[in-house]
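Per-entry structural report
Single-letter residue listing:
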Amino acid sequence: MKKTVALMMAAIMLMAFAGCTGGADKPNAQDLISTLPAEGGKPVVTDTPAPTEAPVSTEEPTAEPTAEAKSAVMRGTWEDGVFYNDLIGCCFTMPEGWEQGTDEEIAEFLGVSVDEIGAAGEDLSDYESVDDMLVYNLDTGSFVMISYKNMRKFRALKMTNEEIMEEIARQMVEENDYGITYTYVGTTLQKLGDADYICAEFDTEAEGEKMKQYILMSQSFDYVAYITIAAVESETLDYFVSMFTPAPTQAAMADCCG
């Protein structure tokens with residue numbers, strides 16, 4: 001994978017999750033990435049300390065999750081190029097010519113062991129974050145990555161999803177140290193299958209390469225689902241949205257995901 005794309009993946013992942021702190025102290029980027037990837041490699045990411053203070057907010061806190069919301073959280077499943085997890089509320093169909101990232105690739109990118117990202121079928125409810133799947137196109141450098149952030153600790157910050165996204169966008173433009181220029185285009189509402197997402201759009205440039213970057217966010221139970229998309233300028237957001245289809249009904253589950 002290209003160095004530029006790997007850097008974008010690191011920047012998006014780390015700042016998106018830091019964005020939930022609502023302006024609390026954030027670690028320096030050099031503390032987060034211990035080594036920059038060589039061409040074809042991936043950055044190694046170290047652990048990020050949790051913020052020590054939460055900002056004061058006058059908004060009402062998010063309602064406590066129901067017993068159903070506290071049920072097991074698991075990584076999604078793949079069947080014949082189709083991915084499904086109820087946390088994203090839809091199915092994702094990998095385009096022809098794209099490749100599915102292995103657990104080893106995801107773990108290497110995050111700088112952790114394969115055991116630390118959790119196995120399929122394992123209850124990950126106690127994980128602070130779950131990195132579910134990665135697909136990419138080596139020819140263009142485009143990728144789609146799906147991750148989840150446990151919001152139980154961040155609920156005390158009393159931030160709405162819109163406020164979280166605004167903070168992410170601000171950090172992308174003002175506070176990144178990755179050698180990438182982010183120009184915030186705007187935020188829209190997008191429907192992926194039957195699920196509603198907030199979508200922040202950016203124009204990016206790094207090492208002379210220009211790409212589009214999208215962060216889509218939707219809260220599901222105790223988790224916020226992040227769908228990160230990097231695209232060449234010729235690939236529209238509609239192209240990626242079309243990869244997502246409505247979640248299967250109970251009767252059709254086997255047809256979608258086995």
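Look above for the structure.
Basis of the calculations
- Residues numbered from 1 in each chain as written.
- Predicted model: local features only at pLDDT ≥ 70, side-chain atom pairs only at ≥ 80, totals over all residues.
- Heavy atoms only, no water.
- Helix = DSSP H or I, 4+ residues; strand = E, 2+ residues; numbered from the N terminus.
- Buried < 20%, exposed > 50% of the residue type's maximum accessible area, 1.4 Å probe, protein only.
- Contact = heavy atoms within 4.5 Å.
- Salt bridge = Lys/Arg side-chain N within 4 Å of Asp/Glu carboxyl O.
- Lys, Arg positive; Asp, Glu negative; His and termini not counted.
- Polar contact = N/O pair within 3.5 Å; in protein donor to acceptor, adjacent residues only side chain to side chain.
- Pairing = 2+ DSSP bridges.
- Axes fitted to C-alpha atoms, helices over the stretch in contact; angles between N-to-C directions.
- Phe/Tyr/Trp six-rings, centres within 6.5 Å; stacked < 30°, edge-to-face > 60°.
- Core = buried A, V, L, I, M, F, W, Y, C linked by side-chain atoms within 4.5 Å.

A separate point is the overall build of the protein chain. What the protein chain contains, in helices and strands, is 6 helices and 13 strands. Residues classed as buried in the protein chain amount to 51% of the 258 residues present. Sequence-distant contacts in the protein chain: of pairs separated by 6 or more residues, those separated by 24 or more amount to 64%.

A few words on the pattern of salt bridges. Following the criterion strictly, the structure yields 7 salt bridges and no others. In this structure, Glu 167 and Arg 170 form a salt bridge, with 2.6 Å as the shortest nitrogen-oxygen distance. Of this pair, Glu 167 and Arg 170 both sit in helix α4 (residues 161-174), 3 residues apart, which is roughly one turn of that helix. On the accessibility criterion, Glu 167 (11% relative accessible area) is buried. The closest approach of N and O atoms between Glu 201 and Lys 212, which form a salt bridge, is 2.5 Å. Here Glu 201, found in strand β10 (residues 195-206), pairs with Lys 212, found in strand β11 (residues 209-220); they are 11 residues apart in sequence, far enough to count as distant. Beyond isolated ion pairs, a larger network of salt bridges with shared partners links Arg 75, Asp 103 and Asp 132.

It is worth spelling out helix α3 (residues 103-110) at this point. Owing to its 3.6 residues per turn, the α-helix aligns residues three or four sequence positions apart on the same side. For α3, the set of buried residues is Glu 105, Ile 106, Ala 107, Phe 109 and Leu 110. Positioned one or two residues after α3, Gly 111 has a phi angle of 75°, which is positive.

Let's shift gears to the side chain of Asp 131. Note on placement: Asp 131 falls in strand β7 (residues 129-136). There is no salt bridge for the buried Asp 131, and the closest opposite charge comes from Arg 75, which lies 8.3 Å off by N-O distance. A polar atom in the side chain of Asp 131 sits 3.3 Å from the side chain of Ser 147.

Pairing in this open sheet of 4 strands is antiparallel, and the strands run β3-β4-β5-β13 from one edge to the other. Of all the strands in the sheet, the pair left with one neighbour each is β3 (77-79) and β13 (244-246). Here the strands of the sheet are splayed against their neighbours by 30° on average, with no regard to which way each runs. The pairing of strand β5 (residues 90-93) with β13 spans 3 bridges and is antiparallel. The residue bridging Cys 90 from the neighbouring strand is Pro 246, located in β13.

Below, the discussion takes up the packing of aromatic side chains. Scanning all chains against the criterion turns up 6 aromatic pairs. Aromatic side chains Tyr 182 and Phe 202 sit 6.0 Å apart centroid to centroid with 80° between the ring planes, which places their arrangement in the edge-to-face category. One end of the pair, Tyr 182, is in strand β9 (residues 181-192); the other, Phe 202, is in strand β10, and 20 residues separate them in sequence. Residue class for Phe 202 comes out buried when judged on its relative accessible area of 0%. A connected cluster of aromatic rings, assembled from ring pairs, spans Trp 98, Tyr 239 and Phe 240.

The subject of this paragraph is the nonpolar core. Ranked by internal contacts, the top residues of the largest apolar core, which has 31 residues, are Phe 92, Val 144, Tyr 148 and Ile 227. Top contributing element to this core by residue count: strand β12 (residues 223-231), with 5 residues. Counting 17 residues, the second largest nonpolar core, distinct from the first, contains Met 159, Ala 200, Phe 202 and Tyr 226.

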